[in-house]
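# Per-entry structural report
Residues per chain are reported as follows:
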Amino acid sequence: MTLELLQGSVAITRAALAADCRFFAGYPMSPFTPLLEAMSREMAGAGGVCINAESEIEGANMALGASAAGFRSATGSCGQGIALMQETIAEAALNETPLVVFNMARNQQDYYQCTRGGGWGDYRTITLAPKDITEAVEHTQLLFHLADKYRAPVILYGDDLLSKTQVGVHVAPLDLPELPAKDWALDGSASGTGKSRQVWTFAMGKKNDPGPGPDGQWKRVAAKFAEIEPVEARHEGIHADDAETLVVAFGSAAKFAEYVVEELRGEGHRVGLFRPITLWPFPGAALARATRDVKRVLVFELNAGQMIDDVRQWAHDRDTIRFIGGVSIDEHGLAYGPLLDAPVIRERILAEHAEPAVVPAGRS
Amino acid sequence: MATTDITIDTRTAPPPPSTKAASAAPSLILGEHQLCPGCGEPVALRLLLETLQDLGVVDRSIGVVGHGCYGSFVRIMDIDVLQCLHGRAPSCATGIKRMRPESVVFTLQGDGDMVNEGLQEILHSAARGENITCILLNNGVFGDTGGQQTATTVLGQRTKTSLEGRNPEQHGYPIPIADLVASLQGSGYVARGAVSTPGAVAKTKRMIKRAVQSQLDGHGLSLVEILTMCPTGWFVPAAEGADYQGASMEPVYPIGELKSQENERA
Ligand code: SF4
């Protein structure tokens, strides 16, 4: 296996093409811009279309149209741009159109945005948060599969490190199971046959083929997300089985935390890492198991504390939870600030790890 | 009063009633529509469906429909349809047409949909020269929500949100969207029709046909703005809708072709 030195955005683009993505539309916004540029360079050669849309709203809807026509399609942006796309993401969830959204985020402050939506309706977005470019290449392919499998919008939670860093990487096509043909897709061939198709959130169907209607459709969509939740949750544990102190982190921050945890282990500290790979579905049951015997749970995320809500919901004992992250952004507002630094993370973990665990009254 | 000698044969049953009107409906219409009496939209939509049949492109036609009263018509249109967010039809149509260039892709939008919410998408799609056909059903009000002011409401028009009539000091001026689209290089055919008189209906049908033909010929975005009656939203009797439209809207939005490849060659 030869590794090729690729910028993360190029590697993700190659992975999308390997997954048969043939339509991409987006609007430049750092640090998403390199992905849009890579897509525009590479898509035509693969027989696809990439459009530099005039706004995030247009880009997302172009991708929605291409998806409704039966093609694997994607769009992307970061924080503020994703906010504009939330209308379309919710629409895709409720009208059941697969849509892959790349959030090449500026930091980790989009956690709520990716896991709690912001559009309307009872929907969720499967969100994968790779820790590095190699994993992003896998996640990109997996996301196209999951989007089609569940006919739902999905998000890759990347960041400026994944977007701009160059690493040696091998883009190997993932071996994923075959999916059924898209008999719902609009190609025009059913027009005039009495069986013409319709894609829309209200699902009221045609006169001679009444659909489930809004009530039936929205219940169906809600039930689908309830089914996805237990089966698609993914996580990774590193030295988590016998940890006294368990650090919970995601994305690039988890990669840094992993480095620190390995270092501390080497020095004899019983420290471990729990990394949610899917931010939604949140691997709650696994976190509950992993935190059963720990003395403290340290949440490291680069925001004011968003994922910590999910940790609080699932950790075996809420009173063991400490927040060791924080808002940390560079002076341009585009990249991580000084908190994403191994010595800083080490210091914060050790400060808590050295403290005697407080066992609240009533807990034996 | 003149009388004629008619012998009525009371012994045999009368002939069955004429079926001419019913069979003239395009086969793409699956049933009765539920739009208001006197509404102009069913006529405009029927013209579009007839055109797709006349041009023999039904089995490769895909519609992208926004939100408005015409949305309910989609249920009886035997055409593949993506019903999208308010205003976004040209963007969704872009994605479809780019991936299925052999399809005939049309959008259906009202004035609130296209000119208020979706002004950006229609202008940019036209500027990009997307090879799609956009049909604007312009009645100058939000009919579906009960008659509020839109970006195309003419000066003086009373609506639920311009009770004393639209005045420029408070509400600004109406937007002639067809003129804007015609001014962009990426548009191939732009026309404005109406459905208020039989003559206007015939002319509008020719416009729709030329618009779809323009797409088949690959000339970029084609737009037909169709002035339609909304007696309900205008608060006028159904029977007066056509006259009211002629008096209020047509002076502001003159009927005719604004742009075609033939005009340019001439
Ligand atoms: S409200 Fe106006 S546009 Fe809507 S169906 Fe009635 S007449 Fe037609």
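Above this text you will find the structure in question.
Let us look at the structure shown here. (Residues numbered from 1 in each chain as written. Chains lettered and ligands numbered in written order. Predicted model: local features only at pLDDT ≥ 70, side-chain atom pairs only at ≥ 80, totals over all residues. Heavy atoms only, no water.)

Assigned secondary structure in chain B consists of 11 helices and nine strands. For 266 residues, the compact-globule estimate of 2.2 N^0.38 gives 18 Å, and chain B sits close to it at 20 Å. Here the C-alpha coordinates of chain B stretch approximately 70 × 50 × 40 Å along the principal axes. In chain B, which comprises 266 residues, the proportion classed as buried is 54%. Taking the intrachain contacts of chain B between residues at least 6 apart in sequence as the baseline, contacts between residues at least 24 apart amount to 70%. Carbon together with sulfur atoms contributes 55% to the accessible area of chain B, which is approximately 11400 Å² in total. Seen as two clouds, the 21 positive and the 27 negative side-chain charges of chain B have centres 4 Å apart. (Helix = DSSP H or I, 4+ residues; strand = E, 2+ residues; numbered from the N terminus. Rg over C-alpha atoms; globule rule 2.2 N^0.38 Å. Buried < 20%, exposed > 50% of the residue type's maximum accessible area, 1.4 Å probe, protein only. Contact = heavy atoms within 4.5 Å. Areas by Shrake-Rupley, 256 points an atom, 1.4 Å probe, with all protein chains shown as cover. Lys, Arg positive; Asp, Glu negative; His and termini not counted. Charge placed at Lys NZ, Arg CZ, Asp CG, Glu CD.)

On to the sheet that holds strand S9 (residues 198-199) of chain A. Here we have eight strands laid out as an open sheet, ordered S9(A)-S2(B)-S1(B)-S3(B)-S4(B)-S8(B)-S7(B)-S9(B), and mixed in their pairing. Where the open sheet ends on each side, the last strands, each with one partner, are S9 of chain A together with strand S9 (256-259) of chain B. Taken together, the six bridges between strand S4 (residues 133-138) of chain B and strand S8 (residues 221-227) of chain B define a ladder with parallel strand orientation. Note that in S8(B) the partner of Leu137(B) across the bridge is Ile226(B). Contacting strand S3 (104-110), S4, strand S7 (187-194), S8 and S9 of chain B, helix H8 (residues 198-216) of chain B runs over the sheet at an angle of about 165° to S7(B). (Pairing = 2+ DSSP bridges. Axes fitted to C-alpha atoms, helices over the stretch in contact; angles between N-to-C directions.)

Applying the stated criterion to the full structure yields 38 salt bridges over all chains. With a closest N to O distance of 2.7 Å, Glu54(A) and Arg128(B) form a salt bridge. Of this pair, Glu54(A) sits in the loop between strand S3 (49-52) and helix H3 (56-68) while Arg128(B) is found in the loop between helix H5 (119-127) and S4, placing the two residues in two different chains. Given the relative accessible area of 25%, Glu54(A) is considered partly exposed. (Salt bridge = Lys/Arg side-chain N within 4 Å of Asp/Glu carboxyl O.)

What follows concerns the packing of aromatic side chains. All names here are of chain A. All chains considered together, the criterion is met by nine aromatic pairs over all chains. Seen in terms of ring centroids, Phe24 and Phe102 are 6.3 Å apart; in terms of plane orientation they differ by 45°. Their pairing is tilted. Remark: Phe102 occurs in strand S5 (residues 99-105) and Phe24 occurs in strand S2 (residues 23-26); sequence separation between them is 78 residues. You'll find Phe24 and Phe102 in the same group, each marked buried. When the ring of Trp120 is compared with that of Trp218, the centres are 5.2 Å apart and the planes differ by 85°; the resulting orientation is edge-to-face. Of the two residues, Trp120 sits in the loop between helix H5 (111-115) and strand S6 (126-128) while Trp218 sits in helix H8 (residues 213-232), which places them 98 residues apart along the sequence. Overall, the relative accessible area of 41% leaves Trp120 in the partly exposed class. Note that Lys224 overlies the ring of Phe225, its terminal NZ or CZ placed 5.8 Å from the centroid. (Phe/Tyr/Trp six-rings, centres within 6.5 Å; stacked < 30°, edge-to-face > 60°. Lys NZ or Arg CZ within 6 Å of the ring centre and 35° of its normal.)

So, on to the nonpolar core. With 115 residues, the main nonpolar core has Phe23(A), Phe24(A), Phe102(A), Val311(A), Val64(B), Leu82(B) and Leu223(B) as its most contacted residues. No other element matches helix H6 (residues 133-150) of chain A, which puts nine residues into this core. Every residue in contact with Val64(B), bar those within four places of it in the chain, is listed here: Leu82(B), Cys84(B), Ala89(B), Cys92(B), Ala93(B), Ile96(B), Val105(B), Phe106(B), Thr107(B) and Leu108(B). Formed by 44 residues, the second largest nonpolar core is a distinct cluster that contains Val57(B), Val81(B), Ala194(B) and Tyr253(B). (Core = buried A, V, L, I, M, F, W, Y, C linked by side-chain atoms within 4.5 Å.)

All names here are of chain A. Computed from the structure, the largest pocket encloses a volume of approximately 560 Å³. Surrounding the largest pocket, 22 residues form its lining, Arg72, His145, Asp148, Glu178 and Leu179 being those nearest its centre. Ranked by the residues each element gives to the lining of the largest pocket, the list is headed by H6, at four residues. Each residue belonging to the lining of the largest pocket can be placed in one class, and the counts come to 10 nonpolar, two polar and 10 charged. Approximately 480 Å³ is the volume found for the second largest pocket. If you go around the second largest pocket, you meet 22 residues; those closest to its centre are Trp184, Arg197, Gln198, Val199 and Asp209. Among the secondary structure elements, those contributing two or more residues to the lining of the second largest pocket are S9, strand S10 (205-206), strand S11 (209-210) and H8. (1 Å grid on protein atoms, 1.4 Å probe; cavity = no way out; pocket = protein on both sides within 12 Å on 5 of 7 lines; lining within 4 Å. Points joined across faces, edges and corners; volume = space filled by probe spheres on them. Nonpolar A, V, L, I, M, F, W, Y, C, P; charged D, E, K, R; others polar.)

All names here are of chain A. The alternating pattern of S2 places Phe23 and Ala25 and Phe24 and Gly26 on opposite faces, both of which are buried. Pairing of S2 with S3, which is carried by four bridges, proceeds in the parallel orientation. Bridge pairing in S3 places Ala25 opposite Ile51. Once you follow S2 into helix H2 (residues 33-42) and on to S3, the crossover reads as right-handed. (Right-handed = clockwise from strand over helix to strand, strands pointing away.)

When the parts of a complex come together, some accessible area is lost, and that lost area is often taken as the interface size. Listed per partner, the contact involves 41 residues of chain A and 36 residues of chain B. Between chain A and chain B, the buried area comes to about 3200 Å², and carbon and sulfur atoms account for 56% of it. Taken as a group, Glu58(A), Ser191(A) and Lys207(A) account for 16% of the area that chain A buries against chain B, more than any other trio of residues on that side. There are four salt bridges connecting chain A and chain B. A salt bridge links Arg128(B) to Glu58(A); the shortest N-O distance between them is 3.3 Å. Summed over the shared surface of chain A and chain B, the result is 27 residue pairs in polar contact (both at pLDDT 80 or more). A breakdown of the residues in the side of chain A that touches chain B according to their chemical character gives 16 nonpolar, 15 polar and 10 charged. Pairing of S9(A) with strand S2 (residues 80-83) of chain B, which is carried by two bridges, proceeds in the parallel orientation. Counterpart to Val199(A) in the pairing with S2(B) is Leu82(B). (Buried area = accessible area lost by both parts, 1.4 Å probe. Polar contact = N/O pair within 3.5 Å; in protein donor to acceptor, adjacent residues only side chain to side chain.)

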